[in-house]
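The chain contents come next:
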Amino acid sequence: MTDSLMMVLPEEILSIGSIVLMLFAAWGGQASTRMISWVAVAVLAGATIALLGPASSGGVAFDGLFRADGFAAFSKVLIYGATAVSILLAPRFFRQTSGDDLRPEYPVLLLLSACGMGMMVSAGDLLVLYVGLELQSLAAYVLASFMRRDTRSAEAGLKYFVLGALASGILLYGISLVYGFSGSTLFPQIATAYGAGHSLGLTFGLVFVFAGLAFKISAVPFHMWTPDVYEGAPTPVTAFFASAPKVAAMGLAVRVAVEAMGPAVDQWRQIVIFASLASIIFGAVAAIGQTNVKRLLAYSSINNVGFVLVGLAAGTQQGVAAVLFYLTVYVVMTLGSFLVVLQMRDADGQPVETLASLSGMSRTRPGLALAMAIFMFSLAGIPPLLGFNAKLAVFNAAMAAGLYPLAVVGFVASVIGAYYYLRVVKVMYFDEPVGDGFPKSGDIVEGGLITVAAVFVSPLGWLVLAPLGLATMAAAGSLF
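About the cut-offs
Residues numbered from 1 in each chain as written. Predicted model: local features only at pLDDT ≥ 70, side-chain atom pairs only at ≥ 80, totals over all residues. Heavy atoms only, no water. Helix = DSSP H or I, 4+ residues; strand = E, 2+ residues; numbered from the N terminus. Rg over C-alpha atoms; globule rule 2.2 N^0.38 Å. Buried < 20%, exposed > 50% of the residue type's maximum accessible area, 1.4 Å probe, protein only. Contact = heavy atoms within 4.5 Å. Areas by Shrake-Rupley, 256 points an atom, 1.4 Å probe, with all protein chains shown as cover. Lys, Arg positive; Asp, Glu negative; His and termini not counted. Charge placed at Lys NZ, Arg CZ, Asp CG, Glu CD. Salt bridge = Lys/Arg side-chain N within 4 Å of Asp/Glu carboxyl O. Patch = residues over 30% accessible without salt bridge, like charges linked within 9 Å, V, L, I, M, F, W, Y side chains within 5 Å. Phe/Tyr/Trp six-rings, centres within 6.5 Å; stacked < 30°, edge-to-face > 60°. Lys NZ or Arg CZ within 6 Å of the ring centre and 35° of its normal. Core = buried A, V, L, I, M, F, W, Y, C linked by side-chain atoms within 4.5 Å. 1 Å grid on protein atoms, 1.4 Å probe; cavity = no way out; pocket = protein on both sides within 12 Å on 5 of 7 lines; lining within 4 Å. Points joined across faces, edges and corners; volume = space filled by probe spheres on them. Nonpolar A, V, L, I, M, F, W, Y, C, P; charged D, E, K, R; others polar. Polar contact = N/O pair within 3.5 Å; in protein donor to acceptor, adjacent residues only side chain to side chain. Expected span 1.5 Å × (residues − 1). Arc of directions from axis to C-beta.

K.L.:
How do you make sense of the overall build of the protein when you look at a structure like this?
P.N.:
Looking only at helices and strands, one finds 21 helices and two strands in the protein. Relative to a compact globule of 480 residues, whose C-alpha radius of gyration would be 23 Å, the protein shows 21 Å and is just as compact. Projected onto its principal axes, the C-alpha coordinates of the protein cover approximately 70 × 55 × 40 Å. Scored against the burial criterion, the 480 residues of the protein give a buried share of 60%. Excluding contacts between residues fewer than 6 apart, the proportion of contacts in the protein whose partners are at least 24 apart in sequence is 80%. Of the roughly 17,500 Å² of accessible surface on the protein, 70% is carried by carbon and sulfur atoms. Computed over 23 positive and 24 negative side-chain charges, the separation of the two mean positions in the protein equals 5 Å.

Structural data, given as structure tokens:
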């Protein structure tokens, strides 16, 4: 039992930290928000440090319910980092947008969500999987509608809740089928059942489980909630939705595919290939006509999920390593893009989200325009930026697995997506400025984060390619 408790130490730190901070919020009220936010970041840092011990040893806790391996540890580092950034982004946004300071429940909800995401990527059992997923989702529903007086935010929370409940029902139905025909909810026993031979019930269970997971990663055709929720939710929350939960859901999908349903790779690969190509093509085409930057980034996330699924379709250690590498670069690019969106404000300090408002930003805010251009070029996969290496990694994995048509179609479709990324750059550099441009925020934290993100995905990021490649390959190896 002691060994098991040590393996779940990061989740213990997050759960205890969130409960203690919730009590401080109840006693301290609005005045305690700043202190709670910084303590929440410290709690996430503590959880990250705890990953250096038994939490990444490759052990199995609680009789197989929980996995503490390199794959989970790598995913949790990305999750905790993205969550910490989302906490740091919030205070200035809420103060200038709603006129009220940030409420102390915000960092607490993010800690609870991070705890659930940690359980998702470490799950060794279908029920643990579901508990972690729902803990993450319930916090996310509240976060989406956090600005209660904002109609768009309330609508985003309602849509997310209704469609999320539908996806949970689909996933639970798939879990019940898998359990009924395999006799267990533990991944190794499920894998044994799939390896024993063809079963129509297990096949249907596989389809419903992957359908439920597709909603969580917003893959086509279960993407319908993404643009509306991303547009309506507060921008720091949207930045969180586009980063940490994506990593958790993809990590969960990889673990289920490889560990629980590995023997049925020929069955789930068909689903993954369809979702991959549909997401790449639809995400690229649908983004072309968008005039709202947050909606454009929502379709960009759908498009990028398609590329991540190319790596999963390979079903190999190289494919899983490519997925982790892509997710790392994607999280930095996406958070950087939303950090720039947070800088988009009118003279009264209110948020501006239209693409036209970026006109001529290269002349009014040259540094910010350069950072946004780096993120857009990287998302488009243009060398020598790191986004190119990420796409190359998943395509190489697909070709190594013999999936040449998938790699070719994915490569060709990526050209379509490059159009709307380059359109953003064109508006910033070649259109006439609108007014005096965006006022400078003077926020050192946001400015520093934008700089770090831009440097990471720039050619200077090649310095981390070798260690990052070794880390992703080692993390992927823990699943095989």
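Next comes the rest of the write-up.
K.L.:
Can you walk me through the pattern of salt bridges in this structure?
P.N.:
Think of it this way: side chains of opposite charge can pair up when their charged atoms draw near. Counted under the stated rule, the structure contains 11 salt bridges. Residues Asp69 and Arg255 are paired through a salt bridge, measuring 2.9 Å at the closest nitrogen-oxygen approach. Remark: Arg255 occurs in helix H12 (residues 244-260) and Asp69 occurs in the loop between strand S2 (66-68) and helix H4 (70-97); sequence separation between them is 186 residues. Among the salt bridges present, the one from Glu231 reaches Arg152, with a minimum N-O distance of 3.6 Å. Taken as a pair, Glu231 in helix H10 (residues 226-232) and Arg152 in helix H7 (residues 151-182) lie far apart in primary sequence, 79 residues in all. Linked by salt bridges that have partners in common, Arg152, Glu155, Lys159, Asp228, Glu231 and Arg295 make up one network.

K.L.:
What is the right way to read a nonpolar patch on the surface from this model?
P.N.:
Together, Ile16, Val20, Phe24, Met35 and Val39 line one region of the surface with nonpolar side chains, adding up to about 400 Å² of accessible area. At the level of elements, helix H2 (9-28) and helix H3 (33-50) are the ones that each hand at least two residues to the nonpolar patch. For the nonpolar patch, the element with the highest residue contribution is H2, accounting for three residues. Within the fold, Ile16 resides in helix H2.

K.L.:
What is the right way to read the packing of aromatic side chains from this model?
P.N.:
Any pair of aromatic rings gets described here by the distance separating the centres and the angle formed by the planes. Going through the model one piece at a time under the given rule, you end up with 15 aromatic pairs. Both rings, one in Tyr420 and one in Tyr421, keep their centres 4.4 Å apart while their planes meet at 40°; by these two values the pair is tilted. With respect to class, Tyr420 is no different from Tyr421; both count as buried. What links up through ring pairs into an aromatic cluster is the set Tyr141, Tyr160, Phe161, Phe215, Trp225, Tyr230, Phe240 and Phe241. Residue placement shows Arg103 over the ring face of Phe146; its charged tip is 4.5 Å from the ring centre.

K.L.:
Can you walk me through the nonpolar core in this structure?
P.N.:
Buried together is how nonpolar side chains tend to be arranged in soluble globular proteins. Counting 175 residues, the largest nonpolar core has Phe241 and Met261 as its most contacted members. For this core, the element with the highest residue contribution is helix H15 (residues 317-342), accounting for 19 residues. Among residues more than four places away in sequence, those in contact with Phe241 are Ala140, Leu143, Ala144, Tyr160, Val229, Tyr230, Ala233 and Lys246. Ranked by size, the runner-up nonpolar core spans five residues in total, among them Met7, Val8, Phe66 and Ala68.

K.L.:
Explain the layout of surface pockets to me, please; I cannot follow it from the model alone.
P.N.:
To locate leftover empty space, one rolls a probe as large as a water molecule over the atoms. Empty space within the largest pocket amounts to approximately 360 Å³. What lines the largest pocket is a set of 14 residues, among which Arg34, Trp38, Pro91, Arg92 and Arg95 lie closest to the centre. Counting residues per element, the ones that place at least two in the lining of the largest pocket are H3 and H4. The greatest single-element share of the lining of the largest pocket, amounting to five residues, is contributed by H4. Its residues placed into classes, the lining of the largest pocket shows six nonpolar, three polar and five charged. In this structure, the second largest pocket occupies an estimated 310 Å³ of space.

K.L.:
Where do I start with the side chain of Asn303 in this structure?
P.N.:
Here Asn303 lies in helix H14 (residues 293-314). From its side chain, Asn303 meets the backbone oxygen of Ile280 in a polar contact 2.7 Å long. Contacts of Asn303, omitting those with residues within four sequence positions, involve Ser279, Ile280, Gly283, Ala284, Tyr420 and Tyr421.

K.L.:
Can you walk me through unusual backbone geometry in this structure?
P.N.:
The general pattern is negative phi for most residues beyond glycine and trans for most peptide bonds. Here the amide bond leading from Val220 into Pro221 is cis, since omega sits at 10°, within 30 degrees of zero. Within the secondary structure layout, Pro221 lies in the loop between helix H9 (200-216) and H10. A cis amide bond links Pro383 with the next residue in sequence, Pro384, at an omega value of 5°. Assignment of secondary structure puts Pro384 in the loop between helix H17 (366-380) and helix H18 (386-400). With a phi close to 55°, Ser218 is a non-glycine residue in the positive phi region. Looking at where Ser218 falls in the secondary structure, it is placed in the loop between H9 and H10.

K.L.:
Sorry, what's going on with H2 here?
P.N.:
Residues three or four positions apart in an α-helix share a direction because the helix packs 3.6 residues into each turn. Taking 1.5 Å per residue as the helical rise, H2 with its 20 residues ought to reach 28 Å, and the 28 Å between its terminal C-alpha atoms agrees with that figure. Within H2, the full set of buried residues consists of Pro10, Glu11, Leu14, Gly17, Ser18, Leu21 and Ala25. Along the axis of H2, the buried positions cluster into a sector of 130°, meaning they face one direction only. Projecting away from the buried face of H2 at angles above 90 degrees are the exposed residues Ile16, Ala26 and Trp27.

K.L.:
Before we go on, may I ask you to explain the environment of Gly174 in this structure?
P.N.:
Mapped onto the elements of the fold, Gly174 is located in helix H7. Residue Gly174 is classed as buried on the basis of its relative accessible area, which comes to 0%. Taking C-alpha positions, Gly174 is 4.7 Å from Val209, a pair spaced 35 residues apart along the chain.

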